[in-house]
Amino acid sequence: MSSELLARTLLHLTQIGFAITLSALLWYFFRVYQRNYLKSWAIAFCCFTAYATFVLVDVFWRPVFAAAWLGQMVKFLLICFCYGFAVWILVGVFEAVKQQRLAARKVNQLLLLVTGISFLSVVPFLLFEQLQDWVVYLQLYMRLLLIGAALCVAGFWLWSLTKLIFATKVVASAMLAWGLLFLGSASTVVWQNTEVDYYQVAMYFKHLELLIQVILGLGLIIWLQEDERSTNQQLTAKTQYLDSHDPLTGALNRDALLRELALLLQNNAALTLLMIGLDSFKVVNESVGLKQGDRILREVNRRFESSIVKPRLIARTGGDIFALVLEDCSTDRQKLFALQHLEQLIEKPFTTDNGLIKLTASIGLACAPQHAVEADLLLQKANIAFHHCKRQQQRCTFYQPGMEEESARLLSLEKDLLLALEQDQFIFYFQPQWDLREQRIEAFEALVRWEHPQKGLLMPGQFLPLVEQVGLSKDLDLLLLEKAVSTLAEWKKQGINSIPIAVNMSPVHFQVDGLKGRIQQLLLKYQVSPAVLELEITENTAMGDMEKGSNYINELQQMGIRVSIDDFGTGYSSLGYLRKMPIDKIKIDRSFVTDMAANDSDMMIVKTMITLAHGLGKRILAEGVETETQLQLLRTLACDAIQGYLLSKPLPEAEALALLNGCALS
């Protein structure tokens, strides 16, 4: 073996070894970080390894190829892998720039195209000897020209990234340099008169190519690390945002409001806290749909932010309840002006897909330091004034000592509710929950309605607040529990044994002594398995007393009863407590999924919650699914189940059973 051939062989072996190492690293990082462009580049360097290997075979064993077809077969494989390298480099760059996966059909079409070009570069020379003069141009010159152009395109494409970090510049520059090197090598094919001269120049090019290959490999590894760090920073920022903000409107949540309010009160500032609730907003949700209702809530928050009264703090503390903190509003005249202005903001019609909707609001006010000097007490006083305003059907109410005691009016309300409990005027409507893996209804959520003798069918929002105010939540819960268990017993007689019913539990009843015993009595009385009974609680209920709540849920699970967190994200909006709570299922609040198709932040939040829930071994269900797009995205994110109007609205029992017997989700 000549010294020149030995040097070329060692150089090619070095390239092959580095390409194999880089390909293995990229594949490993793809398995860890699940970046599609890493997979494409790993395949690209596998192709480059094969290409360099066949180049070495072609050079080292050329005298062995007695049969022309055998040598041309090596040429075909060499050219094919070379073009495959170019294709996969471009595919990886596309996926890195666009942050999306290139369709497999398009990739296959590109690979088929370069295979065809490789075939046409070899076969004609086996069939027609008179074409031998074109071998160098078609098998070498065109190959170098095309791969050089592909690498230059990839380099320029990476330079087009709007967020250009150092590692991206290194990778883009290396690809450009590598592409120019191939183009320069192609020019050498034309300019050099003898094969010896070309191979001497090619040796210099190979050394430069190895250097560029090393720089490119290091750049790719650095890029991956920076990309992963950036992703982690974004995820941390989203989690922190979720911990202090309402994801639907962007306003502060209750915890963040209390923290910020406490800081303001430490400075002995004169503050006015307003609790603003939209009147009959649940009726609006039911008439125009949840998506339009959420749109109205976002618009309300936007109007508050642009208000001329310039609230110091804006928070969403409940479904349709906002809290505003005003400074420099100490006189009665200033407060009156602020109230009138805020009422006008809400009364201005809202535009929906169903037309214009006009709303009114109930406002409760409490002032610091007159009514309280602590954040939680001030919020409590404002909340008392707000509920007094609601009960009295007034526009606004200032807190007054003694508002807590309104027994006369509440006794009247209690009479109607007690009669309803006695005469069993409450019924269930059932909304199905769909298992996305098994493609079947996995459970029904039981939603209560009041068949009022005079007012007709009342929605939960029309009477549940009154139930809580008069202290009958426990009685209603017990009635609904027995109704749910008796319904399960009836279903069992009809041969429906494996479909659970989920029942919502009020905060005042959950964790109360005697509930577990009553559930056991009901299950024994109706001969119903505890596996088909599920209790749904809000995250605020679970967080009321973490240790006690955790122990209580454990006891329920030991009985065979499943417990789920309902409307996750609307209360404390904290992901950390999930690790400590032994719950079976998490129900993502609809505000997370409504705009996830058009909002990257919502998508990131939903993806994070699904990943976290699965990591903790919990099932996760998305509420408020209304479109096919939302359904497909949730399937892609591996969500376990859905619930919403896309599948079915809440149905009477007969219609729910008919749906169970014959439904199919397309």
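Residues numbered from 1 in each chain as written. Predicted model: local features only at pLDDT ≥ 70, side-chain atom pairs only at ≥ 80, totals over all residues. Heavy atoms only, no water.

1. Looking at the overall build of the protein chain
Here comes step 1: In terms of helices and strands, the protein chain carries 23 helices and 16 strands.
Here comes step 2: Burial status across the protein chain gives 50% buried among its 666 residues.
Here comes step 3: Considering only intrachain contacts with a sequence separation of at least 6, the fraction spanning at least 24 residues in the protein chain is 70%.
Here comes step 4: About 31600 Å² of surface is accessible on the protein chain, with carbon and sulfur atoms providing 57% of the total. (Helix = DSSP H or I, 4+ residues; strand = E, 2+ residues; numbered from the N terminus. Buried < 20%, exposed > 50% of the residue type's maximum accessible area, 1.4 Å probe, protein only. Contact = heavy atoms within 4.5 Å. Areas by Shrake-Rupley, 256 points an atom, 1.4 Å probe, with all protein chains shown as cover.)

2. Some thoughts on the pairing of strand β9 (residues 440-452)
Here comes step 1: With respect to burial, β9 is a largely interior element, 11 of its 13 residues being buried.
Here comes step 2: In the sheet, strand β8 (residues 426-435) pairs with β9 via 10 bridges, with the strands oriented antiparallel. Across the sheet, the residue bridging to aspartate 435 is arginine 440, located in β9.
Here comes step 3: Judged from the 3 bridges that link them, β9 and strand β11 (residues 501-504) form a sheet pairing that is parallel. Bridge assignment links glutamate 445 to a residue of β11, and that residue is alanine 502.
Here comes step 4: Where β9 and strand β10 (residues 456-458) come together, 3 bridges link them in antiparallel fashion. Across the sheet, the residue bridging to glutamate 451 is leucine 457, located in β10. (Pairing = 2+ DSSP bridges.)

3. Digging into a nonpolar patch on the surface
Here comes step 1: Side chains of Leu6, Leu10 and Leu13 sit close together on the surface and give an oily, nonpolar patch of about 270 Å² of accessible area.
Here comes step 2: Inspection of the secondary structure puts leucine 13 in helix α1 (residues 3-33). (Patch = residues over 30% accessible without salt bridge, like charges linked within 9 Å, V, L, I, M, F, W, Y side chains within 5 Å. Salt bridge = Lys/Arg side-chain N within 4 Å of Asp/Glu carboxyl O.)

4. A look at the nonpolar core
Here comes step 1: In terms of nonpolar packing, the biggest core is built from 77 residues, with Phe426, Trp491, Ile519 and Leu634 touching the most fellow members.
Here comes step 2: Beyond its immediate chain neighbours, meaning those up to four positions away, tryptophan 491 contacts Phe430, Phe444, Ile496, Ile499, Ile501, Glu653 and Leu657.
Here comes step 3: Counting residues in hydrophobic clusters, the runner-up holds 57 residues, among them Ala19, Leu38, Trp88 and Ala172. (Core = buried A, V, L, I, M, F, W, Y, C linked by side-chain atoms within 4.5 Å.)

5. Looking at helix α16 (residues 473-493)
Here comes step 1: Here α16 contains 21 residues, and its C-alpha end-to-end distance of 30 Å stays within 8% of the 30 Å for a straight helix at 1.5 Å per residue.
Here comes step 2: Just downstream of α16 lies glycine 495, where phi reads positive at about 90 degrees. (Expected span 1.5 Å × (residues − 1).)

6. Regarding the pairing of strand β3 (residues 321-327)
Here comes step 1: In terms of burial, β3 is a largely internal element, 6 of the 7 residues being buried.
Here comes step 2: One ladder, built from 7 bridges, connects strand β1 (residues 271-278) with β3; its direction is antiparallel. In the strand pairing of β3, leucine 271 is matched with glutamate 327.
Here comes step 3: Adjacent in sequence and paired antiparallel, strand β2 (residues 313-316) and β3 are bridged by 4 residues.

7. Details of the pattern of salt bridges
Here comes step 1: Applying the stated criterion across every chain, the model contains 22 salt bridges.
Here comes step 2: Of the charged contacts in the structure, one is a salt bridge between glutamate 442 and arginine 619, with a shortest N-O distance of 2.5 Å. One end of the pair, glutamate 442, is in strand β9; the other, arginine 619, is in strand β15 (residues 619-622), and 177 residues separate them in sequence.
Here comes step 3: A salt bridge links glutamate 482 to arginine 518, with the nearest nitrogen and oxygen atoms 3.2 Å apart. Here arginine 518 lies in helix α17 (residues 515-526) and glutamate 482 lies in helix α16, a separation of 36 residues in the sequence.
Here comes step 4: One continuous salt-bridge network, built from bridges that share partners, spans Asp435, Glu442, Glu534, Lys585 and Arg619.

8. Some points on the environment of glutamate 623
Here comes step 1: Structurally, the position occupied by glutamate 623 is in the loop between β15 and α22 (628-636).
Here comes step 2: When the C-alpha atoms of glutamate 623 and aspartate 589 are compared, they prove to be 5.6 Å apart, with 34 residues separating the residues in sequence.
Here comes step 3: If near-sequence neighbours (up to four positions away) are discounted, glutamate 623 is found in contact with Glu445, Asp566, Asp567, Lys587, Ile588, Asp589, Arg590, Val593 and Gln643.

9. Digging into the environment of glutamate 305
Here comes step 1: Residue placement: glutamate 305 occurs in helix α11 (residues 290-305).
Here comes step 2: Separated by 54 residues in sequence, glutamate 305 and alanine 251 place their C-alpha atoms 9.3 Å apart.

10. Observations regarding the sheet that holds β2
Here comes step 1: Strand order in the open sheet made by the 5 strands is β2-β3-β1-β6-β7, with mixed pairing throughout. The two strands at the open ends of the sheet, each matched to only one other strand, are β2 and β7 (396-398). In this sheet, adjacent strand axes meet at a mean angle of 20 degrees when their direction is disregarded.
Here comes step 2: Note that β2 and β3 share 4 bridges and pair antiparallel. What sits directly across from alanine 315, in β3, is alanine 323. (Axes fitted to C-alpha atoms, helices over the stretch in contact; angles between N-to-C directions.)

11. Focus: helix α23 (residues 653-662)
Here comes step 1: Listing the buried residues of α23 in full gives Ala656, Leu657, Leu659 and Leu660. Take α23 and look down its axis: the buried residues cluster within an arc of 155 degrees, on one side only. Opposite the buried face of α23, by more than 90 degrees, sit the exposed residues Ala654, Asn661 and Gly662.
Here comes step 2: Tucked inside the fold, the buried residues of α23 contact β8, β9 and α16. (Arc of directions from axis to C-beta.)

12. Regarding unusual backbone geometry
Here comes step 1: Alanine 368 connects to proline 369 through a cis peptide bond whose omega is 10 degrees.
Here comes step 2: Positionally, proline 369 belongs in the loop between β6 (361-368) and α13 (375-392).
Here comes step 3: Positive phi, normally seen in glycine, also occurs at lysine 310, with a value near 50 degrees.
Here comes step 4: Tracing the backbone shows lysine 310 in the loop between α11 and β2.

13. Considerations on the packing of aromatic side chains
Here comes step 1: Applying the stated rule across the entire model yields 19 aromatic pairs.
Here comes step 2: For the ring pair phenylalanine 426 and phenylalanine 463, a centre distance of 5.6 Å and an interplane angle of 45 degrees mean the geometry is tilted. Of the two residues, phenylalanine 426 sits in strand β8 while phenylalanine 463 sits in helix α15 (residues 460-469), which places them 37 residues apart along the sequence.
Here comes step 3: Looking at phenylalanine 463, the relative accessible area reads 0%, which means it is buried.
Here comes step 4: An aromatic cluster is defined as three or more aromatic residues linked by ring pairs; in this entry it consists of Phe45, Phe48, Tyr51, Phe85, Trp178 and Phe182.
Here comes step 5: Over the ring of phenylalanine 350 we find arginine 303; its NZ or CZ atom is 3.9 Å from the centre of that ring.
Here comes step 6: In this arrangement the basic side chain of arginine 449 is found over the ring face of tyrosine 429, its NZ or CZ atom lying 5.3 Å from the centre. (Phe/Tyr/Trp six-rings, centres within 6.5 Å; stacked < 30°, edge-to-face > 60°. Lys NZ or Arg CZ within 6 Å of the ring centre and 35° of its normal.)

14. Notes on the packing of α16 against α17
Two quantities define a packed helix pair, namely the angle between the axes and the distance from one axis to the other.
Here comes step 1: Axis separation between α16 and α17 bottoms out at 9 Å; the angle between their running directions is 25 degrees. Relative to α17, the element α16 is oriented roughly parallel. Viewed along their axes, α16 and α17 form a crossing whose handedness is right-handed. For the pair α16 and α17, the contacting residues are Leu478, Leu481, Glu482, Val485, Ser486 and Ala489 in the first and Leu515, Arg518, Ile519, Leu522, Leu523, Lys525 and Tyr526 in the second.
Here comes step 2: Each residue belonging to the contact of α16 with α17 can be placed in one class, and the counts come to 9 nonpolar, 1 polar and 3 charged. (Parallel < 35°, antiparallel > 145°, perpendicular 65-115°, else oblique. Left-handed = near helix turned anticlockwise from the far one by under 90°. Nonpolar A, V, L, I, M, F, W, Y, C, P; charged D, E, K, R; others polar.)

Scope: geometric values only; no functional claims are made or implied.
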